[in-house]
Each structure stands twice: as structure tokens, then as C-alpha cells.
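# Per-entry structural report
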Amino acid sequence: MKLIRTAAAVAVALAPFAASAQMAAPKQQFMSMATSSVGGSWFPLGGAMAKIITDAYPQLKITAEVTGGTADNLKLLKNGQVELALSTNDMAYLASKGEGAFKGGAISNFKGLLGGHAIIWQFYTLKSSGIQSLKDIKGKRISLGAAGSIGGPIGQAVFGAYGLKMNTDWKPEYLGHGDGPGALLDGRVDGVLIISSAPTAAVTDITSRRGEEVLLINPEKPVLDKLIEKHPYWFPATIPGGVYKGHPNDMPNSFGSATILVAHEKVSNEAAYAVVKALVEQHAKLVAANALAKEWSKANATRGISGVVPFHPGAEKYLKEAGILK
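Quantities reported herein were computed from a predicted structural model and do not represent experimental measurements.

## Here's the deal with the side chain of T125
Looking at the element boundaries, T125 is found in strand 4 (residues 110–126). In this structure T125 comes out as buried when scored by relative accessible area, which is 0%. In terms of polar contacts, T125 uses its side chain to reach the side chain of S129, at 2.8 Å. Non-local contacts of T125, meaning those with residues more than four positions away in its chain, are made with I131, L184, D190, G191, E213, V214, L215 and I217.

Here is the structure:
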């Protein structure tokens, strides 16, 4: 009996600690999630996320907001106009450091919640172009995507690693991704860069038409290693074999950044915990609602955030409980 009473006493003594270890339910509140333009891929993804979270936690009324994309989203966070936002991890890093497009105006009042789908380097050309390696773009015309797109600075950084300067060694063209295949086939450009998920429509288009005539060229590994060392928000990636016609084998040495979900630092721990828990544990429902959500998996939960921006304490608590973060 003494042992039983002792065990009971211990259980009673520990009860308050057990209760305190559990995260309380979030309070009733309205939250805005900054996404992208209506035609952008983030707006429907954000809408699907908002529904998943609100279905799991009806007290969290989340609305996906139409915005101008990453830079706009981070500025909305800075001004406290939204509570949640989608961003690329490279832009989040530069914003937190006050570098690049954010020079002179660092944004540091946000924290990471969850990592998601990758957008990776995809440079395509034709065998007839004479481009066998990225160093061969000297004297060539290269499409970097539409003016103002992320292909511009990324292309300059990568080609610069080969000692090739824009407008000196090679000429940039600014074509929308949908115009790239036609421009390449018509000889208006010699190569096309797109930073996107794989497969992506433009590369599917040209490989469907020309198959093995299309070359997909990535940096050589020594060059890639130096690029990633210089740009810690990038990570190695592989273009999977079979996603494009005429390319059955994996193509290593690509690289990319990740789309991540971030929160204003004033978002409560309880709300941040609930958001991450809902998206991780309702992953199948999220995928059914939006194809991009496939990569917003438990395996990728820390991708693009670890080592780039700090985790929100509420997100960190859930991720540790789930065994995702150590």
C-alpha cells in the first residue's frame, strides 16, 4: 500500500508539469496569409493551406490575401499588415540581413514555420547551340525569364562563377517562361534559364517537341559547391529522370531555394503550433487540394528554414514533438 500511495503521490506531483508541457489551444482570431497574384501559384496554395488550418482549428480564421509575391509579402510582415506569408527562403535570408533588394531596409520581425516545395535551376538549350557546359555561353544570348524575375540575379551569380559577365561576355534577354521554347527554336536566343519546380510547363513543352535534342545543363560540382558556400540559402537538387521526354536519367548538380511559410514574430506560440501541426498532419488533404503541396511533407518540414531564418518558438515546439527537429 505504501508503494501505491507513493506512486499516486508522484503522479499528483507531476500532473501540473505534464499539463504545462502540452500546448494550449489557440485563441479565437483572424489571420491574413500573404500569397501572390491571382495568377500566381502561391495564391491557390495559400487558399488550400488556409482551409486546412481553419478546418482543423475553427478558432483560426485564415484568409489567403492577393499580393505581389515574396518581396511584397515580407514588407507586409514588416508593417504588421499580415500575420502569415509565403516567401522563398533566399529572399527571407536577404531581407533578414538587409541585403540584395532589401539593402538599407532589413526585415527581421518574422520567424520560420514550415518548409515546402523547391524551385530549382533549369537551364535548357539545343545540341545545335554549341553549349555543352555553362562556360560555353560566352557570346551567346540567354533568356533569364521576365524582367524582374529571380532568374536575373541567379543567372548572373552562376555565370559569374565561370568568370562571365552579363552584357560583356553574354547578352541577356527577358522573355516570359512561356515564350522561351519558341524563342530557342526560332534562334532568337541560344539558351533559356527558368527557376521553377520540376517538371515545369516550358521545359515539358520543348522536350515534348524535341526530346533528346534538348540539353539540360547544370553547373559542374566544384562550381556548385562554391556557389552554395557563398549563398547559404541555396541547396543541392536533382532534376528527376523521366519528368521530361528524352531524359530518363536523374540530372544532378542542380540547386535551388525553397518556398517557406513564415509568421510575424507577434503570432502567439499557440497559433504557430496549430498552423504547423495542421499542415503536417493533414498533408494528404493538402495534396488533394493543391499539387504543389506534395513537397510540403514531413520530410521537407525544415527545408529552407534551418540555418537560414530562426524558427518560431511555437513551430519549433511542434517540430520537436513530432521528431522532425532534434
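## Quick notes on the packing of helix 2 (residues 42–56) against helix 9 (residues 269–281)
For the pair helix 2 and helix 9, the least separation of the axes is 9 Å and the interaxial angle reads 105°. Considered as vectors, helix 2 and helix 9 are oriented roughly perpendicular to each other. Where helix 2 approaches helix 9, its residues M49, I52, I53 and A56 are matched on the opposing element by V275, A278 and L279. Across the contact of helix 2 with helix 9, the residue classes tally to 7 nonpolar, no polar and no charged.

## A few points about the packing of aromatic side chains
Scanning all chains against the criterion turns up 9 aromatic pairs. On the numbers, 6.3 Å between centres and 20° between planes, the contact of W121 with F123 is stacked. The residues W121 and F123 share a single accessibility class, namely buried. Clustering of aromatic rings is evident, with ring pairs tying together Y93, W121, F123, F159, W170, Y233, W234 and F255.

Calculation notes
The numbers attached to residues start from 1 for each chain and follow its sequence in the written order. Where local features are concerned, this predicted model is filtered to residues with pLDDT of at least 70; where side-chain atom pairs are given and counted, the filter is 80 or more; whole-chain, interface and lining totals use all residues. Note that the side-chain values use all heavy atoms of the structure and ignore hydrogens as well as water. Strands here are runs of E lasting at least two residues and helices are runs of H or I lasting at least four, both read from the DSSP assignment and numbered beginning at the N terminus. Residue exposure (1.4 Å probe, protein chains only): buried if accessible area is under 20% of the type maximum, exposed if over 50%, otherwise partly exposed. Any pair of nitrogen or oxygen atoms within 3.5 Å is treated as a polar contact; in protein, a donor-acceptor pairing is required on top of that, and neighbouring residues in sequence qualify only through side-chain atoms on both sides. Contact criterion: two residues are considered in contact whenever any of their non-hydrogen atoms come within 4.5 Å of each other. Between N-to-C directions, angles cover 0 to 180 degrees, with each direction set by a line fitted to C-alpha atoms, over the stretch in contact for helices. The labels follow the angle: roughly parallel below 35 degrees, roughly antiparallel above 145, roughly perpendicular from 65 to 115, and oblique for the rest. Note that Gly is not counted as nonpolar here; it falls among the polar residues with everything else outside the nonpolar set of Ala, Val, Leu, Ile, Met, Phe, Trp, Tyr, Cys and Pro and the charged set of Asp, Glu, Lys and Arg. Two rings belonging to Phe, Tyr or Trp (six-membered ring only in the last case) form a pair when the distance between their centres is within 6.5 Å. Interplanar angles under 30 degrees mark stacking, angles over 60 mark edge-to-face geometry, and anything in between is tilted.

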